[in-house]
Amino acid sequence: MPNDEQPHLNVNGKRLTIQKSWFGESLLFTLRERLGLYGSKNACEQGECGSCSIMLDETLVCACLVLTGSATGRDIKTIESLAPEGSLSTIQQAFIDTGAIQCGFCTPGLLITIKDFLDENTDPTELEIREAISGNLCRCTGYGRIVEAVRIASKTHDESQGAS
Ligand code: FES
Ligand code: FES
């Protein structure tokens, strides 16, 4: 039985109790270091790179800029929710097919961002794709293959799949 006195977060459809947390810490820290959800990456911790992107009440945010205390009782979706364990979403598959992953550090944040984008725009132009991912920095790929992956994923994207 969940203890209402214990701090908890609603993450990926589950109510997770947080042990030894300080509610002034960032949601990114709590997700990774308290809850073991390592998919959201920690690069800049300043809201600059997008590698920690998650959905908070269906809004795309940088988890490094959200205080854990302010996320209590809200609906959090991380990269771990994008596809059932052992399977890939169409966006993930498109990244693999196009070679859009090199070191992979930017990939989780990009995937969450693109999922949110394609839920709203199923037939994007290249300009719209580039604008949508402009908050996600990738130092490896030059973005061309990422744009191609989004194009391919847009053809088969299923809004009901994964994180939104
Ligand atoms: S780690 Fe959050 S935006 Fe860079
Ligand atoms: S693949 Fe290395 S930062 Fe994007």
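Residues numbered from 1 in each chain as written. Chains lettered and ligands numbered in written order. Predicted model: local features only at pLDDT ≥ 70, side-chain atom pairs only at ≥ 80, totals over all residues.

K.L.:
Help me get a handle on the environment of Leu28, residues and values and all.
P.N.:
Of note, Leu28 is situated in helix α1 (residues 27-34). Along the sequence, Leu28 and Lys41 sit 13 residues apart, while their C-alpha atoms lie 8.1 Å from each other. Among residues more than four places away in sequence, those in contact with Leu28 are Ser40, Asn42, Cys52, Ala63 and Cys64. (Helix = DSSP H or I, 4+ residues; strand = E, 2+ residues; numbered from the N terminus. Contact = placed C-beta atoms within 7 Å.)

K.L.:
An account of the pairing of strand β2 (residues 14-17) is needed here, citing residue identities and associated values.
P.N.:
Sheet topology places strand β1 (residues 8-11) next to β2; four bridges connect them, and they run antiparallel. Across the sheet, Asn10 pairs through a bridge with Arg15, a residue of β2. Between β1 and β2, which pair antiparallel in sequence order, lie two residues; one of them, Asn12, sits at a positive phi of approximately 50°. (Pairing = 2+ DSSP bridges.)

K.L.:
Could you give an account of the packing of helix α3 (residues 107-120) against helix α5 (residues 144-156), with specific residues and numbers?
P.N.:
Where α3 meets α5, the axes come as close as 11 Å, and the angle between the chain directions of the two elements is 40°. In terms of orientation, α3 and α5 fall into the oblique class. Between α3 and α5 the crossing geometry is right-handed. Along its contact with α3, which presents Leu110, Ile114 and Leu118, the element α5 presents Ile146, Val150, Ala153 and Ser154. The residue inventory of the contact of α3 with α5, partitioned by class, reads six nonpolar, one polar and no charged. (Axes fitted to C-alpha atoms, helices over the stretch in contact; angles between N-to-C directions. Parallel < 35°, antiparallel > 145°, perpendicular 65-115°, else oblique. Left-handed = near helix turned anticlockwise from the far one by under 90°. Nonpolar A, V, L, I, M, F, W, Y, C, P; charged D, E, K, R; others polar.)

K.L.:
Please give an account of the domain arrangement of the protein that cites residues and values.
P.N.:
When the domains of the protein are assigned, the result is domain 1 (8-81) and domain 2 (90-156). Measuring from the centre of the C-alpha atoms in domain 1 to the corresponding centre in domain 2 gives 22 Å. Every contact between the two is made by 13 residues of domain 1 and, on the other side, 11 residues of domain 2. With three residues, strand β3 (residues 53-56) is the largest single contributor of residues to the side of domain 1 that touches domain 2. Among the residues making up the side of domain 1 that touches domain 2, the classes are represented as seven nonpolar, five polar and one charged. (Domains from an automatic or database assignment.)

K.L.:
Can you lay out the nonpolar core for me, pointing to particular residues and giving the numbers?
P.N.:
By size, the foremost hydrophobic cluster in this structure holds 39 residues, and its most contacted members are Ala63, Leu111, Ile114, Ile146, Ala149, Val150 and Ala153. With six residues, the top contributor of residues to this core is α3. Of the residues that make up this core, three or more belong to each of domain 1 (8-81) and domain 2 (90-156). Beyond its immediate sequence surroundings of up to four residues, Val150 is in contact with Ile114, Pro124 and Ile129. (Core = buried A, V, L, I, M, F, W, Y, C linked by C-beta atoms within 7 Å. Buried ≥ 20, exposed ≤ 12 C-beta atoms within 10 Å, placed from the backbone.)

K.L.:
So, the sheet that holds strand β4 (residues 59-62): which residues are in play, and what are the values?
P.N.:
The strand order across the open sheet built from five strands is β2-β1-β5-β3-β4, with neighbouring strands paired in mixed fashion. Looking at which strands have only one partner, the edges of the open sheet turn out to be β2 and β4. The sheet shows a mean angle of 40° between the axes of neighbouring strands, direction not considered. Strand direction decides the pairing type here: β3 and β4, joined by four bridges, are antiparallel. From the neighbouring strand, Leu56 faces β4, where its bridge partner is Thr59. Running at roughly 45° to β3, α3 makes contact with β3 and β4 of the sheet.

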